[in-house]
Amino acid sequence: MELRGSEAAPPTLGVGMVGYAFMGAAHSQGWRTVGRVFDLPLRPVLAAIGGRDAAAVRAAADKHGWAAAETDWRALVARDDVQLVDICTPGDSHAEIAIAALEAGKHVLCEKPLANSVAEAEAMVAAAERARENGQLAMVGFNYRRVPALTYARRLIAEGRLGTLRHVRVTYLQDWLVDPDFPLTWRLEREHAGSGALGDLGAHIVDLAQYLAGEPLVGVSAQLETFVRERPRLEGASAGLTASGGTRRGPVTVDDAAVFTGRLASGALATFEATRMATGRKNALRLEINGEHGSLAFDLERLNELSFHDHHEPATTAGFRRILVTEAEHPYLEAWWPPGHALGYEHTFAHQARDLVEAIASGTDPVPSFADGLQVQRVLAAVEESAQKSAVYTPVQAVQAEVR
């Protein structure tokens, strides 16, 4: 038995990941780092990574530290050294891979959005519920929940520091599609991506709004727009967000931007904007929550900070004050650096891995669950339905009583 000092090493958890591009690299960083930072009850081992291009997936394995490479995701799922399957593929394959992995007795982590449709997400939830009876766990990867400042914001709201919530407003702005000659990647095709800015960015901000408020959206009124309706087709395999396009053009079948209002179960109002056409904005996720006793605000470009306003303070000194979320008492920070030493985007994936490993070891349900992912999918579906009906207020079907 392998020893660490005078203590036995924890049992291993073999991880197999399907997908090796942007999210594959981010998840690899999380799995590679988590056991070196946190004291875990199980030791993650990067057993195998999968992708269709043999040369590319082998290069990804070598770069990110995976022991083996597979070109068939079914072979990866079937490996005896894989106990957890991490899905980082386009949305059109999430349901098939996740259901197969759960039925094969594996735990599953699936990137957001959970699926490309409500029906697929419902099938995934049903598979997760069946697998749960045999001890397999399933989690959806909304990594922004794991930003320490946002986890701490959830705690403050749950403790009642804002009182009854009245307004939630969230924007997520990017500009990588502004160039009309940017190529027609899979993210711009509905059959692969499900939707555009709505699913890519909107899923994050819907989840954050519900997570922070601790309650679901019950209805929405929405508008969607596709500003560039044709783009150059790719020549050869897509190289992601920076691929160069060919001369033939094809139709863009997803939205470029989504703007919608919503109502939470408590009656609080919410506003959302998600776009990949906001010139000058690279990854600008910003939110503000107003309650009867105070407000919280957050900016992803300053992700170690939380702005807090206590409305009970005297008007002569009241105002938003900065909380630097780097103390050991703040969420996840006990394992990192001394106070004032900032964390970044990549740390959210290590935190996500930590929470899932601890849930697996303890047999407790991970959060956010596939059911939480389904709730977001139902909101996205209501947004699309509302937009098709010229922004008519559309109820969100079968909402949960609370969001964990």
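Residues numbered from 1 in each chain as written. Predicted model: local features only at pLDDT ≥ 70, side-chain atom pairs only at ≥ 80, totals over all residues. Heavy atoms only, no water.

If you look the protein up in an unreviewed UniProt entry, it shows as Gfo/Idh/MocA family oxidoreductase from Streptomyces xantholiticus.

## Notes on the nonpolar core
Counting residues in hydrophobic clusters, the biggest one holds 81 residues, and the most contacted among them are Leu306 and Phe370. The biggest single contributor to this core is helix 8 (residues 197–213), with ten residues. Viewed by domain, this core spans two of them, domain 1 (12–143) and domain 2 (145–395), each represented by three or more residues. Non-local contacts of phenylalanine 370, meaning those with residues more than four positions away in its chain, are made with Ala98, Leu102, Val108, Cys110, Leu114, Met124, Val125, Ala128, Ala138, Met139 and Val140. (Core = buried A, V, L, I, M, F, W, Y, C linked by side-chain atoms within 4.5 Å. Buried < 20%, exposed > 50% of the residue type's maximum accessible area, 1.4 Å probe, protein only. Helix = DSSP H or I, 4+ residues; strand = E, 2+ residues; numbered from the N terminus. Domains from an automatic or database assignment. Contact = heavy atoms within 4.5 Å.)

## Observations regarding helix 8
Under the 1.5 Å per step criterion, the end-to-end length of helix 8 is 23 Å for 17 residues, consistent within 8% with the ideal 24 Å. The largest bend in helix 8 comes to about 35°, at alanine 203. Within helix 8, 17 of the 17 residues are buried, leaving the element largely enclosed by the surrounding structure. Looking one or two places after helix 8, you find glycine 214, whose phi comes out positive at around 75°. (Expected span 1.5 Å × (residues − 1). Bend = angle between axes of the 7 residues up to and from the residue.)

## Some details on the domain arrangement of the protein
How big an interface is tends to be reported as the loss of accessible area on association of its parts. Looking at the assigned domains, one finds that the protein contains domain 1 (12–143) and domain 2 (145–395). Computed from C-alpha atoms alone, the centre-to-centre distance between domain 1 and domain 2 is 22 Å. Across the contact, 47 residues belong to domain 1 and 50 residues belong to domain 2. Both faces considered, domain 1 and domain 2 share a buried interface measuring about 4000 Å² in area, 72% of it formed by carbon and sulfur atoms. Per-residue buried area on domain 1 facing domain 2 is highest for Met139, Phe142 and Asn143; these three make up 22% of the total on that side. (Buried area = accessible area lost by both parts, 1.4 Å probe.)

## A closer look at the UniProt feature "domain: Gfo/Idh/MocA-like oxidoreductase N-terminal" (unreviewed entry) in the protein
Taking the numbering used here, the UniProt-annotated feature "domain: Gfo/Idh/MocA-like oxidoreductase N-terminal" (unreviewed entry) corresponds to residues 14–132. A distance of 19 Å separates the end C-alpha atoms of residues 14–132, which is 49% helix and 21% strand. (UniProt positions renumbered as here; feature names shortened; annotations may be inferred.)

## Comments concerning the sheet that holds strand 6 (residues 84–87)
Neighbouring strands of a sheet are bound in pairs by backbone hydrogen bonds; such pairs are parallel or else antiparallel. Pairing within the open sheet is parallel, and its six strands lie in the order 5-4-3-6-7-8. The sheet is open, and its two borders are formed by strand 5 (68–70) and strand 8 (138–141), each paired with just one other strand. In this sheet, adjacent strand axes meet at a mean angle of 25° when their direction is disregarded. Here helix 1 (residues 22–37) sits on the sheet in contact with strand 3 (12–18), strand 4 (43–50), strand 6 and strand 7 (107–111), set at roughly 155° to strand 4. In the packing of helix 2 (residues 54–64) onto the sheet, the strands contacted are strand 4 and strand 5, and the crossing angle to strand 5 comes to about 155°. (Pairing = 2+ DSSP bridges. Axes fitted to C-alpha atoms, helices over the stretch in contact; angles between N-to-C directions.)

## Notes on the pattern of salt bridges
Tallied over the full model, the rule gives 26 salt bridges. The closest approach of N and O atoms between aspartate 365 and arginine 132, which form a salt bridge, is 2.5 Å. Taken together, the residues aspartate 365 in the loop between helix 9 (347–362) and helix 10 (370–388) and arginine 132 in helix 5 (residues 118–132) connect sequence positions 233 residues apart. Given a relative accessible area of 44%, aspartate 365 falls into the partly exposed group. One salt bridge in this structure joins glutamate 288 and arginine 169, with 3.5 Å as the shortest N-O distance. One end of the pair, glutamate 288, is in strand 15 (residues 284–291); the other, arginine 169, is in strand 9 (residues 165–173), and 119 residues separate them in sequence. According to the relative accessible area criterion, glutamate 288 is partly exposed, its value standing at 26%. A residue is classified by how much of its surface remains accessible, and arginine 169, at 32% relative accessible area, is partly exposed. Several salt bridges share partner residues, and in doing so they unite Arg146, Glu334, Arg354, Asp355 and Glu358 into one network. (Salt bridge = Lys/Arg side-chain N within 4 Å of Asp/Glu carboxyl O.)

## Focus on the packing of helix 5 against helix 10
Direction vectors running N to C along helix 5 and helix 10 enclose 170°, while the axes themselves pass 9 Å from each other. Taken together, helix 5 and helix 10 sit at an angle that is classed as roughly antiparallel. Mapping the contact onto sequence places Val118, Ala121, Glu122, Met124, Val125 and Ala128 in helix 5 and Phe370, Ala371, Leu374, Gln377, Arg378 and Ala381 in helix 10. Residue composition of the contact of helix 5 with helix 10, by class: nine nonpolar, one polar and two charged. (Parallel < 35°, antiparallel > 145°, perpendicular 65-115°, else oblique. Nonpolar A, V, L, I, M, F, W, Y, C, P; charged D, E, K, R; others polar.)

## Structural notes on the sheet that holds strand 17 (residues 305–310)
Ordered by their spatial adjacency, nine strands build an open sheet running 18-17-16-15-9-14-13-10-19, and the pairing between neighbours is mixed. Of all the strands in the sheet, just strand 18 (321–324) and strand 19 (394–395) have a single pairing partner and so form its edges. One ladder, built from five bridges, connects strand 15 with strand 16 (residues 294–299); its direction is antiparallel. Pairing of arginine 286 across the sheet is with aspartate 299, part of strand 16. Lying on the sheet, helix 10 is in contact with strand 10 (217–225), strand 13 (257–264) and strand 19; it crosses strand 10 at an angle near 50°.

## What about the packing of aromatic side chains?
Following the criterion strictly, the structure yields seven aromatic pairs and no others. Look at tyrosine 345 and phenylalanine 349: their rings are 5.3 Å apart centre to centre, the planes differ by 75°, and that puts the pair in the edge-to-face class. Given a relative accessible area of 26%, tyrosine 345 falls into the partly exposed group. By way of ring pairs, the aromatic residues Tyr144, Tyr172, Tyr345 and Phe349 are connected into one cluster. (Phe/Tyr/Trp six-rings, centres within 6.5 Å; stacked < 30°, edge-to-face > 60°.)

## Considering the pairing of strand 10
As judged from the eight bridges shared by strand 10 and strand 13, these two strands associate in the antiparallel manner. Note that in strand 13 the partner of valine 220 across the bridge is glycine 262.

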